[in-house]
Amino acid sequence: QVQLVESGGGLVQAGGSLRLSCAASGRTFSSYAMGWFRQTPGKEREFVAAISLGGVRIYYLDSVKGRFTISRDNAKNTVYLQMNSLKPEDTAVYYCAAGRVPLTGVRDYDYWGQGTQVTVSS
């Protein structure tokens, strides 16, 4: 089993930035692809970004391209999501996930954190 803990969420004004972190423990972190998802009340969990084991393959939701950057530090067992130029529609609970490959579906991932709230005000 892999345990994931997100941090770095908070309240920010539109146009501002936040950096989310996800610390992993348990199994070898470098053996997993990592993803970031987000969810708002009444909606299904939405793919945001994913990164392969070595960080070579990276994928983003179209609406966050150019604004968000996913990265990982395998030595620190941590994956990051740098979020710039935040918009109110980015408001959600953000979750990190670990899986075998960097796919975009919720069901493609095996382990999940408990989430961190990101709120973007106008």
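This is a predicted model, so every value here is computed, not measured.

J.: Talk me through the overall build of the protein; I want residue IDs and the actual numbers.
T.: Scanning the protein from terminus to terminus reveals zero helices and eleven strands. Taken over C-alpha atoms, the radius of gyration comes to 13 Å for the protein, in line with the 14 Å a tight globule of 122 residues would show. Within the span of the protein, comprising 122 residues, buried residues form 42% of the whole. For the protein, the proportion of contacts with a sequence separation of at least 24, taken over those separated by at least 6, is 57%. With the model as given, the accessible surface of the protein reaches about 6,300 Å², and the carbon-plus-sulfur share is 47%. In the protein, 13 side chains carry a positive charge and 9 a negative one; their mean positions are 4 Å apart.

J.: Tell me what's going on with the nonpolar core, and back it up with residues and numbers.
T.: In terms of nonpolar packing, the biggest core is built from 29 residues, with Leu4, Met34, Trp36, Leu81, Met83 and Tyr94 touching the most fellow members. Within the residue set of this core, elements represented by two or more residues are strand E1 (2–7), strand E3 (18–26), strand E4 (33–39), strand E5 (46–51), strand E7 (68–73), strand E8 (78–83), strand E9 (92–99) and strand E11 (116–121). For leucine 81, the contacting residues outside a window of four places in its chain are Leu18, Arg19, Leu20, Trp36, Val48, Ala49, Phe68, Thr69, Ile70 and Tyr94. The next biggest cluster of nonpolar side chains, apart from the first, holds five residues, and it includes Phe37, Phe47, Ala50 and Ala97.

J.: How would you summarise the packing of aromatic side chains if you had to cite specific residues and measurements?
T.: Throughout the structure, instances matching the rule amount to five aromatic pairs. With 6.2 Å between their ring centres and 65° between their planes, tyrosine 109 and tryptophan 112 make a pair best called edge-to-face. Members of the aromatic cluster, joined through ring pairs, are Phe37, Phe47, Tyr109 and Trp112. Over the ring of tyrosine 80 we find arginine 19; its NZ or CZ atom is 4.0 Å from the centre of that ring. Over the ring of tryptophan 112 we find arginine 45, and its NZ or CZ is 5.0 Å from the ring centre.

J.: Outline the pairing of E7, listing residues and values.
T.: Of the two faces of E7, the one holding Phe68, Ile70 and Arg72 is buried and the one holding Thr69, Ser71 and Asp73 is not buried anywhere. Bridge count for E7 against E8 is six bridges, and the pairing is antiparallel. Opposite threonine 69, over in E8, you have glutamine 82 as the bridge partner. Hairpin connection of E7 to E8: four residues between the antiparallel strands, including asparagine 77 at a positive phi of 55°.

The rules behind these values
All residue numbers refer to position in the chain's written sequence, counted from 1. This being a predicted model, a pLDDT of at least 70 is required before a residue's local features are given, and a value of 80 or more before pairs of side-chain atoms are given or counted; all residues contribute to the totals for chains, interfaces and linings. To obtain the side-chain values, all non-hydrogen atoms of the structure were included, while hydrogens and water were left out. Counting from the N terminus, the helices are the DSSP runs of H or I reaching at least four residues and the strands are the DSSP runs of E reaching at least two. Radius of gyration here is computed from C-alpha atoms only, and the compact-globule reference equals 2.2 Å multiplied by the residue count raised to the power 0.38. To sort residues, take the accessible area from a 1.4 Å probe on protein chains only and compare it with the maximum for the residue type: under 20% means buried, over 50% means exposed, and anything in between is partly exposed. Should any heavy atoms of two residues lie within 4.5 Å, those residues are counted as being in contact. Accessible surface area values rest on a Shrake-Rupley calculation with a 1.4 Å probe, where residue burial reflects the displayed protein chains alone. Neither His nor the chain ends is counted toward charge; the positive residues are Lys and Arg and the negative residues Asp and Glu. We put the charge of a Lys on NZ, of an Arg on CZ, of an Asp on CG and of a Glu on CD. As used here, the term nonpolar core means buried Ala, Val, Leu, Ile, Met, Phe, Trp, Tyr and Cys residues forming a set that is joined through side-chain atoms within 4.5 Å. Stacked, tilted and edge-to-face are the three classes applied to pairs of Phe, Tyr and Trp rings, where Trp contributes its six-membered ring and a pair requires centres within 6.5 Å; stacked means planes under 30 degrees apart, edge-to-face means over 60, and tilted covers the rest. A ring is scored as having a charge over it whenever the NZ atom of a lysine or the CZ atom of an arginine sits within 6 Å of its centre and within 35 degrees of its normal. At least two bridges found by DSSP between two strands is the condition for calling them paired.

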